[in-house]
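Structure at a glance
Residues per chain are reported as follows:
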Amino acid sequence: MRLSGDKKPGKALRPEPLPLEDLYYIYEIERSHANNVARNALELFDILNSIHRLDPEMRNLVEIAALVHDAGVTVDLENHHKAGRNILLLHPPLEVPERLRPVVAWTAFLHKKSVGKEKIEKLKGKDFGKMPEDLQNLTLKVAALVRLADALDYSRMESRLGKVTFGKQSIRFEIEGQGAVIDAERMAKKGDLWHLLYNTRLEFRPVPKK
């Protein structure tokens, strides 16, 4: 069953988990972009682990959330963050433990538009706030990484993380590739959620290939 994506699953609809392969096929997920975002997310997870302090077991959750973050694109491009959330609430990835499946859906919702304090507070007053507090916090941390990982592939020109320089309260990433200027700028914008959660500032410097 292909969910239309325009409405959240009602109480009468019980989640029907699907394997990742089925989600890719049914919702025509762009595999090259999904794979790039997952690769980026895992790199960021590892580089920034001393700051986000997520359990190593959450690495797989971050990868899967990255792989399906665009599940709603072919359903509703303009509002694909909402469509993706609705799809993944009804059809969460089978590979994710049941308790963690809402994290994947809400990460899809949070990956697109800007995220500030007001948006987070507004979310907490809705269905997002009905999740246990630890899952809300986990979702925000996963989404912060996926937002950055998605931004690194914004140009679809295979940008990669280069040299990483650690300062006292900042980390500078060199972004390599033909689309480095575009993607570094995008990462700076999509770092808003990260900077809400952590005191360590992230900086992005493009280093285009000659």
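Everything that follows concerns the structure shown earlier in this document.
Described below are features of the structure shown in this document. Residue indices begin from 1 for each chain and proceed along its sequence in written order. With pLDDT at 70 or above as the cut-off, local features in this predicted model cover only qualifying residues; side-chain atom pairs require 80 or more to be listed or tallied, and sums for whole chains, interfaces and linings still use all residues. Note that the side-chain values use all heavy atoms of the structure and ignore hydrogens as well as water.

A word on the nonpolar core
The test is simple: Among buried residues, the Ala, Val, Leu, Ile, Met, Phe, Trp, Tyr and Cys ones that are joined through side-chain atoms within 4.5 Å form a nonpolar core. We call a residue buried when its accessible area falls under 20% of the maximum for its residue type, exposed when it is over 50%, and partly exposed in between, using a 1.4 Å probe and counting protein chains only. Secondary structure elements are taken from DSSP: a helix is a run of H or I of four residues or more, a strand is a run of E of two residues or more, and numbering for both begins at the N terminus. Contact definition: two residues touch when any of their heavy atoms are within 4.5 Å.
If you look at the biggest cluster of nonpolar residues, it comprises 64 residues, and the most contacted ones within it are L48, L61, L138, F173, I175 and W194. The greatest single-element share of this core, amounting to 12 residues, is contributed by helix α8 (residues 133-152). Residues within four places of F173 in sequence aside, it is in contact with L44, I47, L48, L161, K163, V164, L202, E203, F204 and R205.

Observations regarding the layout of surface pockets
Here the idea is plain: a probe the size of a water molecule rolls over the atoms and shows the empty space left. Test applied: Put simply, the grid is 1 Å and covers the protein atoms alone, a cavity is a trapped set of points that fit a 1.4 Å probe, a pocket is an open set with protein on both sides within 12 Å along at least five of seven lines, and lining residues have an atom within 4 Å of a point. Grid points are joined across faces, edges and corners, and a volume is the space filled by probe spheres set on the points. Lys, Arg, Asp and Glu make up the charged group, whereas Ala, Val, Leu, Ile, Met, Phe, Trp, Tyr, Cys and Pro make up the nonpolar group; the residues left over, Gly among them, are polar.
Its boundaries defined by the atoms lining it, the second largest pocket holds a volume of some 280 Å³. Together, 11 residues line the second largest pocket, and K82, R85, F109, L123 and K126 are the ones closest to its centre. Here the residues of the lining of the second largest pocket sort into three nonpolar, one polar and seven charged.

Remarks on the packing of helix α2 (residues 31-47) against helix α4 (residues 58-67)
As a reminder of what qualifies: Helix axes are fitted only over the stretch in contact, all axes being lines through C-alpha atoms; the angle between N-to-C directions runs from 0 to 180 degrees. Here roughly perpendicular refers to angles of 65 to 115 degrees, roughly parallel to angles under 35, roughly antiparallel to angles over 145, and oblique to all remaining angles. Left-handed describes a crossing whose near helix is turned anticlockwise from the far helix through less than a right angle; right-handed describes the clockwise counterpart.
The contact between α2 and α4 brings their axes to 8 Å, and the two run at 150°. Here α2 is positioned roughly antiparallel relative to α4, judged by the angle of their axes. Crossing angle aside, the handedness with which α2 passes α4 is right-handed. Judged by residue contacts, A34, N35, V37, A38, A41, L42, F45 and D46 of α2 engage M58, R59, V62, E63, A66 and L67 from α4. Considering only residue class, the contact of α2 with α4 consists of 10 nonpolar, one polar and three charged.

Concerning the pairing of strand β2 (residues 170-176)
It is a general feature of regular strands that their side chains alternate between the two faces of the sheet. Just so we agree on the cut-off: The criterion for strand pairing is that DSSP finds at least two bridges linking the strands in question.
Pairing geometry for strand β1 (residues 160-166) and β2, over five bridges, is antiparallel. Directly across from V164, in β2, lies its bridge partner F173. Counting the residues that bridge the hairpin from β1 to β2 gives three residues. In this structure, β2 lies alongside strand β3 (residues 201-207), joined through seven bridges in parallel fashion. Across the sheet, F173 pairs through a bridge with F204, a residue of β3.

Brief notes about the sheet that holds β3
In spatial order, the strands read β1-β2-β3; together these three strands make up an open sheet with mixed pairing. The open sheet has two edge strands with one neighbour each: β1 and β3. Going across the sheet, the axis of each strand differs from the next one's by a mean of 25°, ignoring polarity. Each of β1 and β2 touches α2; the most contacted strand, β1, lies at about 10° to it. In the packing of helix α9 (residues 180-190) onto the sheet, contacts are made with β1, β2 and β3, and the angle to β3 comes to roughly 170°.

That's the geometry; what it means functionally is another story.
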